[in-house]
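As a plain string of letters, each chain reads:
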Amino acid sequence: MQLFRHETRQSTEHTRKLYARYALAHTMVDFLAAVLFLVGSVLFFWNELETAAIWCFVVGSLFFCVKPTLKLAREIHMWRAGKTDALAEEEEGALI
């Protein structure tokens, strides 16, 4: 099983569920990053809220860094799941 292959997502029920969970996490992180950037932008209208605005941008940037990390973690997780499935199939074949 190769990384970043569309077929991998649909190979088993386990990989379909795994992909869906990671997709949900990716969407939530993306949404939070966008909201923090929007809030940070609005806060810059008031000088006394500048520090809070800066923190919104820093945390939003952190969320933007998490996005590709989630994708890589998902692919490695699915790759390992595929290897485990293949190993289980080999074991079943050896028992027959």
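This structure is a prediction, so every number in the text was calculated from the model and none was measured. (Residues numbered from 1 in each chain as written. Predicted model: local features only at pLDDT ≥ 70, side-chain atom pairs only at ≥ 80, totals over all residues. Heavy atoms only, no water.)

J.: Before we go on, may I ask you to explain the overall build of the chain in this structure?
T.: For the chain, the count of helices and strands is three helices and zero strands. Reading the helices (α) and strands (β) of the chain from amino to carboxyl end gives α-α-α. For the chain, restricting intrachain contacts to residue pairs at least 6 apart in sequence, the fraction spanning at least 24 positions comes to 63%. Surface accessibility of the chain: about 7000 Å² in total, with carbon and sulfur atoms responsible for 67%. (Helix = DSSP H or I, 4+ residues; strand = E, 2+ residues; numbered from the N terminus. Contact = heavy atoms within 4.5 Å. Areas by Shrake-Rupley, 256 points an atom, 1.4 Å probe, with all protein chains shown as cover.)

J.: Is there a simple way to explain the pattern of salt bridges in this structure?
T.: Where charged atoms of side chains with opposite charge meet at close range, the side chains can pair. What the rule picks out here adds up to three salt bridges. Ionic pairing is found between Arg 74 and Glu 75, a salt bridge with its closest N-O pair at 2.9 Å. (Salt bridge = Lys/Arg side-chain N within 4 Å of Asp/Glu carboxyl O.)

J.: Sorry if this is basic, but what is going on with the packing of aromatic side chains here?
T.: The geometry of two aromatic rings is summed up by the distance between their centres and the angle between their planes. One pass over the full model with this rule turns up four aromatic pairs. Three or more aromatic residues joined by ring pairs make a cluster, and in this case those are Phe 37, Phe 44, Phe 57 and Phe 64. (Phe/Tyr/Trp six-rings, centres within 6.5 Å; stacked < 30°, edge-to-face > 60°.)

J.: What's the story with the nonpolar core in this structure? I'm lost.
T.: In a soluble, globular protein the nonpolar side chains are often hidden away together inside. Counting five residues, the largest nonpolar core is built from Leu 18, Tyr 22, Val 29, Leu 70 and Met 78. Elements supplying a minimum of two residues to this core: helix H2 (13–43) and helix H3 (50–95). Counting residues per element, this core draws most heavily on H2, at three residues. What Val 29 contacts, discounting residues up to four positions off in sequence, is Phe 63, Val 66, Lys 67 and Leu 70. (Core = buried A, V, L, I, M, F, W, Y, C linked by side-chain atoms within 4.5 Å. Buried < 20%, exposed > 50% of the residue type's maximum accessible area, 1.4 Å probe, protein only.)

J.: Would you explain the confidence of the model for the chain in this entry?
T.: Any segment with low pLDDT has predicted coordinates that should not be analysed in fine detail. Summing up the model confidence of the chain, the mean pLDDT is 84 and the portion of residues at 70 or higher is 75%. The element-level mean pLDDT for the chain is lowest in helix H1 (residues 6–9), coming to 64, with H2 highest at 93. (pLDDT = per-residue confidence, 0-100.)

J.: I keep staring at H2 and nothing clicks. Help me out?
T.: Given 3.6 residues per turn, any residue in an α-helix points the same way as the ones three and four places further on. If you check H2, its first and last C-alpha atoms are 45 Å apart, about what 31 residues at 1.5 Å a residue would give, namely 45 Å. Looking at H2, one finds that the buried residues are Thr 15, Leu 18, Tyr 22, His 26, Val 29, Ala 33, Leu 36, Gly 40 and Leu 43. (Expected span 1.5 Å × (residues − 1).)

J.: Help me understand the environment of Ala 81 in this model?
T.: Along the chain, Ala 81 turns up in helix H3. Setting aside its immediate chain neighbours within four residues, Ala 81 contacts His 14 and Thr 15.

J.: Just checking my understanding: could you explain the environment of His 77 for this structure?
T.: Positionally, His 77 belongs in helix H3. Here the alpha-carbon distance between His 77 and Thr 15, two residues 62 residues apart in the chain, equals 8.9 Å. Residues in contact with His 77, not counting those within four places in the same chain, are Leu 18 and Tyr 22.

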